[in-house]
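One letter stands for each residue in the lines below.
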Amino acid sequence: MIHEFKTPIPVHTPHGEGQAFLLIDYGLNVNSVWVVRLKGGKVLHYYSDDIRIYDNPMNGDGFDINVPEDWKK
């Protein structure tokens, strides 16, 4: 299954911040793949355990993601 987000989702990746615009789900036994546009226009694919999705700060927690130390800020 491929899902296109009508509004891109802001995410943080090992290569910096980006906008996820597609989600590819191969089923229960395979990690989902996120298609992300990075700053500068580069498009890369990430497994779901390789990205962090920002929370909505209107929930009261702000941007509550924990970015691993070895990821580019």
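Residues numbered from 1 in each chain as written. Predicted model: local features only at pLDDT ≥ 70, side-chain atom pairs only at ≥ 80, totals over all residues. Heavy atoms only, no water.

Novice: Looking at this model, I keep getting lost on the overall build of the protein. Mind explaining?
Specialist: A count of helices and strands for the protein gives zero helices and five strands. If you list the helices and strands of the protein from N to C, you get β-β-β-β-β. Residues classed as buried in the protein amount to 27% of the 73 residues present. For the protein, the exposed surface amounts to about 5200 Å²; the carbon and sulfur share of it is 53%. (Helix = DSSP H or I, 4+ residues; strand = E, 2+ residues; numbered from the N terminus. Buried < 20%, exposed > 50% of the residue type's maximum accessible area, 1.4 Å probe, protein only. Areas by Shrake-Rupley, 256 points an atom, 1.4 Å probe, with all protein chains shown as cover.)

Novice: Can you help me understand the packing of aromatic side chains in this one?
Specialist: Aromatic ring pairs are reported here in terms of the distance separating the ring centres and the angle at which the planes meet. Under the definition given, this model contains one aromatic pair. With a centroid separation of 5.6 Å and an interplanar angle of 15 degrees, the aromatic rings of Phe-5 and Trp-34 are classed as stacked. Of this pair, Phe-5 sits in strand 1 (residues 2–13) while Trp-34 sits in strand 3 (residues 33–38), and the two are 29 residues apart along the sequence. Of the two residues, Phe-5 and Trp-34, both sit in the buried class. (Phe/Tyr/Trp six-rings, centres within 6.5 Å; stacked < 30°, edge-to-face > 60°.)

Novice: Is there a simple way to explain the nonpolar core in this structure?
Specialist: The nonpolar side chains of a soluble globular protein tend to be buried with one another. Residues Phe-5, Val-11, Ala-20, Leu-23, Trp-34, Val-36, Leu-38, Tyr-46 and Ile-51 constitute the largest nonpolar core, which totals nine residues. Those elements that provide at least two residues to this core are strand 1, strand 2 (16–24) and strand 3. Here this core gets three residues from one element, more than from any other, and that element is strand 3. Those residues within four positions of Leu-38 in sequence are excluded, and the remaining contacts are Thr-13, His-15, Gly-16, Glu-17, Gly-18, Leu-44 and Tyr-46. (Core = buried A, V, L, I, M, F, W, Y, C linked by side-chain atoms within 4.5 Å. Contact = heavy atoms within 4.5 Å.)

Novice: Got a minute to help me understand the sheet that holds strand 3 in this structure?
Specialist: Strands belonging to one sheet form pairs held by backbone hydrogen bonds; the direction of such a pair is parallel or antiparallel. The five strands lie next to each other as 4-3-2-1-5, forming an open sheet whose pairing is antiparallel. With one partner strand each, in any of the chains shown, strand 4 (43–47) and strand 5 (52–53) form the two edges of the open sheet. Where strand 2 and strand 3 come together, six bridges link them in antiparallel fashion. Note on strand 3: the bridge partner recorded for Gln-19 is Arg-37. (Pairing = 2+ DSSP bridges.)

So far we have only geometry, and geometry alone does not tell us how the molecule works.
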